[in-house]
Amino acid sequence: MATNLVRSKTMKRLQPGAPIGPAIGETDAKVFACPRCARPLSGGTSRCPGCGVRLVMGVVLHRAAGILVLGAVLGALGGGAVTAVAISPQSQASSPAAVVTPSIAPTASSSSVPPSQPGVLPGASVPQAAISALNGTAVVNGRIALDAATLSAALAAKDGSTIDIARALRSLAADAALGNDVAARLASWHDAATAETELEAFYRTMGDTARDALQAPFSDTSGYRAEAARMLRLLASLGAVDATSRTLASSIDLELPPVVLPAN
């Protein structure tokens, strides 16, 4: 009887249809760690109450903006490819029928001149996905350069904290994941096989280095500083990696966005 009485009182307090939001720690709660201070936050939180960083779907605001910029670049390039494919059949259908003319034997002067190919654009035979990926590598490398400068400043500062170093390493880990995704899209272009291998090897090593460093507790200051120095030594080869993309792009007369490399 006592159990029924308690149940009856509980049901009276819970009105039918009243929303009951899950709290942090419950099974159905959507909880994620703050990317800056690792504080547990509930889903939908737009600002961490601990460190004050602004968040968009669990991602630091300025990082989310960078991802949106990259998505816009890739989307615009992909949309241009679809438009070109749609227009091409229409232009062929509207072209006048070929006029049959009697064959004329070439003279000595005309036979040495190769026939012109009007309308052929640089890289026209390259898959559009590969061209978008090449542009994407320049965007990713630009992000890596900025995060490398941030990590270098945190390591050089006398009052630099482990939190600052860890924050920069997290950003570099995200850059590496994005770089691997972009480099994998070069697989559709046979001539890009060598560049794809070099780019993926760099981004993979960079991601592994960042993840290994972030395994240490925040109290291990010397460990974080040692891993930060190791990461900066790896990022010293960013210029060569970026040059690989640009050499491949120059083979099809494609100009990539500029990247300001960190000073060594």
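The preceding data block contains the structure.
Notes on the structure follow.

Definitions and cut-offs
Residues numbered from 1 in each chain as written. Predicted model: local features only at pLDDT ≥ 70, side-chain atom pairs only at ≥ 80, totals over all residues. Heavy atoms only, no water. Axes fitted to C-alpha atoms, helices over the stretch in contact; angles between N-to-C directions. Helix = DSSP H or I, 4+ residues; strand = E, 2+ residues; numbered from the N terminus. Parallel < 35°, antiparallel > 145°, perpendicular 65-115°, else oblique. Left-handed = near helix turned anticlockwise from the far one by under 90°. Contact = heavy atoms within 4.5 Å. Nonpolar A, V, L, I, M, F, W, Y, C, P; charged D, E, K, R; others polar. Phe/Tyr/Trp six-rings, centres within 6.5 Å; stacked < 30°, edge-to-face > 60°. Buried < 20%, exposed > 50% of the residue type's maximum accessible area, 1.4 Å probe, protein only.

1. Structural notes on the packing of helix α4 (residues 128–156) against helix α5 (residues 162–184)
- Across the interface, α4 lies against α5 with an axial gap of 9 Å and an inter-helix angle of 165 degrees. In terms of orientation, α4 lies roughly antiparallel with respect to α5. Crossing geometry of α4 relative to α5 is assigned as left-handed. Contacts between α4 and α5 involve Ala 133, Gly 136, Thr 137, Val 140, Arg 143, Ile 144, Asp 147, Ala 148, Thr 150, Leu 151, Ala 154 and Leu 155 from the first element and Asp 164, Ile 165, Ala 168, Leu 169, Ser 171, Leu 172, Asp 175, Leu 178, Gly 179 and Val 182 from the second.
- When its residues are assigned to classes, the contact of α4 with α5 shows 13 nonpolar, five polar and four charged.

2. Remarks on the packing of aromatic side chains
- Counted by the stated rule, this structure contains two aromatic pairs.
- Measuring from centroid to centroid gives 5.7 Å for Phe 202 and Tyr 203, while their planes differ by 65 degrees, and the two rings are edge-to-face.
- In this structure Phe 202 comes out as buried when scored by relative accessible area, which is 7%.
- Overall, the relative accessible area of 0% leaves Tyr 203 in the buried class.
- On the numbers, 6.1 Å between centres and 40 degrees between planes, the contact of Phe 218 with Tyr 224 is tilted.
- On the basis of relative accessibility, which here comes to 31%, the residue Phe 218 falls in the partly exposed class.
- Overall, Tyr 224 belongs to the buried group, its relative accessible area being 1%.

3. Quick look at the packing of α4 against helix α7 (residues 221–235)
- For the pair α4 and α7, the least separation of the axes is 10 Å and the interaxial angle reads 145 degrees. Our pair here, α4 against α7, has a crossing hand that is left-handed. Where α4 abuts α7, its residues Ile 144, Ala 148, Leu 151, Ser 152, Ala 154 and Leu 155 lie against Arg 225, Ala 228, Ala 229, Met 231, Leu 232 and Leu 235.
- For the contact of α4 with α7, the per-class residue count stands at 10 nonpolar, one polar and one charged.

4. A word on the environment of Cys 34
- Of note, Cys 34 is situated in the loop between β1 (31–33) and β2 (40–42).
- The class of Cys 34 is buried, set by a relative accessible area of 2%.
- Distance in space between the C-alpha atoms of Cys 34 and Arg 47 is 9.3 Å, their sequence separation being 13 residues.

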